[in-house]
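# Working through the structure, step by step
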Amino acid sequence: MMPLKRKSYSVSFTALAAAFLLALLTIAILSGNPWKAMGYMLAGPFLSPMALGNLLESTARLTLAGIAASLAFRAGLFNLGGEGQALAGGLAAAAVALYFPEIPRVLALPAALAAGLLAGSLIGAFSGFLRVMWGVDELISSFLIAASMGPVGHVLLNNVMKDPESYLIAAPPLTDNYRLAALWPPSRLTAVLLWALIVTVGSFLFLKFTRRGYEWRLRGANERFARYGGIKTGSIAIASLSVSGALYAAAGTAALMDGGQAVQGFTAGLGWDGLAIALIAGSRPELIPLAAISYSWLLQGTRAAMMHTGFPFALSGMVQATVFLFVTARRFSLKRGRI
Amino acid sequence: MRNKTAASLRDVNHLWPSSGVTACRDVSLDLQSGSLHALVGENGAGKTTLGLILAGVLKPDSGLLKLSSIEVNLKENSKGLIQNTALIRQRNIWPAVLSVREASVLGRSDVPRKIKDQISLFNQTARDWDLTGINPETRVSRMDTASLQRAEMIAALMFNPEVLILDEPSSAWEEGRGSEFSRLMKQLKDSGRAVLLITHRLEDVFSIADRVTVMRHGSVISSRDVGNTDYATVTQEMFGEQPVYPPSGKKQYPGSGFPGKARLEALGLGVKDSGRNALEELSFQLFPGEILGITGLREEGLSLLEDVISGNRRVDKGSLILDSKPVPSSASGLRKAGLHYVPSDKTGRGSSLKSTVTENMMVLETHNLSHRGWFHQGKIKKWVEERRIEVGISGSPEQKLEELSGGNIQKVIIQRELRGNAPLLVVADPAWGLDERSRRQIHIKIRELRDSGTAILLLASDLDEALELSDRMAVLSGGRLSEIKSADSWDRNKAAQLIAGMKTGGGSK
């Protein structure tokens with residue numbers, strides 16, 4: 001038996017709305033200046049070109065993570081390893097930048113991205129492989145592998161790749177040939193927005209209009225039926241987890257580009273945020289950007305409110321937790337009786 | 001107790017908003033205590049809907065219900081009916097993760113508080129109705145269909161309902177247990193309960209029912225005592241015309257002298273499993289252009305044989321040869337080798353309830369409907385529409401399959417598998433969920449395929465269907481296969497005894 005019902009087509013933007021309300025309410029009750037805080041919370045991300053650009057950059061990154069989680073969901077699989085896959089992707093890209101600092105720009109960025117994607121997809125594919133060979137539940141294996149990536153990343157950043165001139169647990173900053181051009185200075189908006197657009201449109205078309213996409217969806221809807229229909233469900237498990245891992249890694253690489261340096265924890269949260277966004281959008285690629293921008297807005301808005309009113313930093317975590325609570329509550333709630 | 005009205009429905013109307021189908025139109029129905037009332041009609045006539053309304057599961061658009069103790073305006077309130085009526089659905093909907101006990105008390109307020117008392121209530125009910133042999137602490141997921149049906153019956157009777165509604169029960173009370181079903185029906189009547197039996201099997205109606213109501217397109221056509229009507233009248237009322245059935249058209253083969261080479265050959269298949277569910281030294285040959293029927297109880301080897309042939313289960317001993325080559329071990333390999341297959345598990349294996357009608361229909365044709373991996377949308381639309389009309393599937397191509405009735409789901413499976421020149425067709429219970437007319441159509445279709453040279457293996461849990469459709473037939477019981485002989489030369493009683501595991505001297509254990 002499957003431990004959870006692995007389908008998530010219900011769109012639950014209500015969860016986001018609820019989290020917004022709760023955050024506003026908390027701010028209103030606890031803040032010394034509730035109106036100002038609420039104003040920053042709602043409008044903060046739109047008040048300056050820089051804030052707006054940063055919102056878009058974060059949306060693009062979260063879109064990649066959201067689609068990563070969605071594609072696994074749609075094929076009937078749980079990829080809980082996003083945290084580790086994003087970290088592996090970011091680290092692999094950082095390693096290329098560290099060890100080949102002098103290669104020309106045209107090659108540098110693609111090489112770093114390719115290394116990142118490869119690392120993420122291998123980790124994802126490994127969970128798929130374990131599932132096909134020995135029936136290991138990918139929900140467990142992807143999570144455990146991801147959990148083991150954390151310490152690995154720590155060792156790499158603290159020893160092997162450590163920047164000797166820095167007190168941080170971090171690799172040296174990226175050289176210029178590895179940096180994405182800023183599209184809208186002073187904000188950090190980059191071509192990651194384009195990556196997200198391509199991935200969104202691509203996965204939408206893939207799921208809806210291609211034979212392979214149909215096979216993935218069919219596996220997600222009823223694996224036994226898909227197998228009975230002659231579809232190679234095992235290959236799909238490996239392929240979809242591999243693609244999911246690669247997209248998480250792309251999000252991790254985007255995080256590296258955003259900060260310009262691989263610092264301890266630079267990809268933290270991408271895995272869980274990706275899952276939350278996938279659940280909010282019902283795993284539908286066409287809705288992922290909308291879910292991602294609302295989610296970013298919520299997070300950045302809370303942050304803006306905190307910065308301008310001296311509100312405790314923990315609020316941001318609380319807001320995230322609320323989103324998760326509502327999204328999952330909806331997912332596992334009993335539907336009204338239908339016959 | 002007798003001849004007292006236990007429940008009467010008045011002027012029930014219901015329209016399914018999603019499909020726009022009027023399932024009930026001014027329906028009135030009286031159920032007498034101590035009497036078995038049969039409700040018959042074609043697929044989609046509104047029988048199941050009426051059952052749901054009577055059980056209080058579904059709120060109709062309008063209607064009144066009078067029970068011995070209460071009168072209810074169904075539109076406003078259908079709560080409280082659960083105390084008086086019990087419904088056993090066509091498809092079991094118990095959550096797989098619960099135990100039988102947990103499922104049997106689900107949603108009720110009048111349950112003993114202690115688990116111990118619930119268990120003893122379950123066991124006492126089982127003893128009272130002679131349905132023993134079920135452990136209430138077994139997980140629902142571990143029960144086979146037949147045991148589940150018995151467990152549901154016990155659960156329904158645990159709380160002493162005045163009215164019991166059975167929706168198409170006979171498909172699961174398989175041959176060999178059929179007598180148990182009749183016994184149970186008689187016991188229910190003797191205890192003064194009113195039973196509503198929703199069925200499409202007219203044999204059941206005329207052997208056990210007292211009254212029969214015919215529904216067509218949501219309306220009641222007639223309601224009579226069984227003594228005042230007959231098979232032909234009821235059939236005509238169900239379908240609105242006198243159905244013309246062709247003769248059965250069996251192929252006769254002389255003894256063992258078959259022309260040509262066997263398409264599928266089983267050589268000493270052996271599979272070990274728990275209890276009687278095993279296969280021992282099973283051998284047969286299946287030739288192109290014949291229907292070989294194997295009948296028996298699902299849990300006495302029939303399910304296992306189906307799993308082996310469809311690549312879902314490895315054998316411990318023996319081998320399976322397809323066209324002189326070992327059969328591929330994977331399901332996708334078997335499909336490539338030309339297997340077409342109607343499984344007995346219609347909704348778990350044979351279809352995907354959460355997918356659309358189109359997605360269910362096209363799974364074997366995706367190569368032809370796409371170009372370089374991209375679907376050709378216009379082509380798919382046309383392709384689906386043609387087939388939908390040909391087989392008579394009601395429901396739109398974009399509808400989720402779960403919104404369709406059992407009979408329509410079976411039609412989706414049938415159109416997909418009974419097609420073209422498949423070298424090998426394995427078909428389990430082809431008439432599942434179908435009314436008489438659709439059943440005949442399917443049988444004709446299967447014979448056409450046979451005549452075009454397909455080798456057909458029929459795995460039937462219904463003895464009568466096996467006798468009717470097979471050219472050659474054998475009985476599978478306790479994991480062993482009887483002798484294989486021409487279906488016409490089988491004696492029905494002897495076959496039934498073999499299925500029930502009785503020794504008759506010929507070919508049994």
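All of these numbers come straight from a predicted model, not from anything done at the bench.

Parameters and conventions
- Residues numbered from 1 in each chain as written.
- Chains lettered and ligands numbered in written order.
- Predicted model: local features only at pLDDT ≥ 70, side-chain atom pairs only at ≥ 80, totals over all residues.
- Helix = DSSP H or I, 4+ residues; strand = E, 2+ residues; numbered from the N terminus.
- Rg over C-alpha atoms; globule rule 2.2 N^0.38 Å.
- Buried ≥ 20, exposed ≤ 12 C-beta atoms within 10 Å, placed from the backbone.
- Domains from an automatic or database assignment.
- Core = buried A, V, L, I, M, F, W, Y, C linked by C-beta atoms within 7 Å.
- Pairing = 2+ DSSP bridges.
- Axes fitted to C-alpha atoms, helices over the stretch in contact; angles between N-to-C directions.
- Contact = placed C-beta atoms within 7 Å.
- Nonpolar A, V, L, I, M, F, W, Y, C, P; charged D, E, K, R; others polar.

### Let's talk about the overall build of chain A
For chain A, the helix and strand inventory stands at 13 helices and zero strands. Put simply, chain A runs from its N terminus to its C terminus through helices and strands in the order α-α-α-α-α-α-α-α-α-α-α-α-α. The C-alpha atoms of chain A give a radius of gyration of 20 Å, which matches the 20 Å a tight globule of 339 residues would have. Referenced to the eigenvectors of the C-alpha coordinate spread, the extents of chain A come out at roughly 60 × 55 × 35 Å. Every one of the 339 residues in chain A was classed for burial, and the buried ones make up 53%.

### Quick word on the domain arrangement of chain B
Assigned domains within chain B: domain 1 (5–239) and domain 2 (264–499). Spacing between the C-alpha centres of domain 1 of chain B and domain 2 of chain B amounts to 30 Å.

### Some thoughts on the nonpolar core
If you look at the biggest cluster of nonpolar residues, it comprises 102 residues, and the most contacted ones within it are Leu64(A), Ala65(A), Leu247(A), Ala251(A), Ile277(A), Ile280(A) and Tyr295(A). Looking at this core element by element, the count peaks at 16 residues for helix H10 (residues 233–259) of chain A. Counting 77 residues, the second-largest nonpolar core is a separate cluster that includes Ile294(B), Ala331(B), Met362(B) and Leu481(B).

### Examining the sheet that holds strand E6 (residues 85–88) of chain B
All names here are of chain B. Spatially, E6-E7-E8-E3-E9-E10 is the arrangement adopted by the six strands of the open sheet, whose pairing is mixed. One side of each edge strand has no neighbouring strand; the edge strands of this open sheet are E6 and strand E10 (219–225). On average, each strand axis in the sheet is tilted by 15 degrees relative to the strand beside it, whichever way the strands run. By the bridge criterion, six bridges tie strand E9 (residues 211–216) to E10 in an arrangement that is antiparallel. Residue pairing for E10: Val 212 is matched across the bridge by Arg 224. On the sheet, helix H1 (residues 47–54) packs against strand E3 (35–40), E6, strand E7 (163–167), strand E8 (194–199) and E9 and is oriented at approximately 155 degrees with respect to E8.

### A word on the interface of chain A and chain B
Counting residues at the interface gives 19 residues for chain A, matched by 26 residues for chain B. Listed by contribution, the elements that provide at least two residues to the side of chain A that touches chain B are helix H8 (211–221) and helix H9 (223–228) of chain A. It is H8(A) that contributes the most residues to the side of chain A that touches chain B, five residues altogether. Tallied by class, the residues present in the side of chain A that touches chain B amount to nine nonpolar, four polar and six charged.

### Quick notes on the environment of Arg89(B)
Mapped onto the elements of the fold, Arg89(B) is located in the loop between E6 and helix H2 (100–104). For Arg89(B), a count of 20 C-beta atoms within 10 Å puts it in the buried group.

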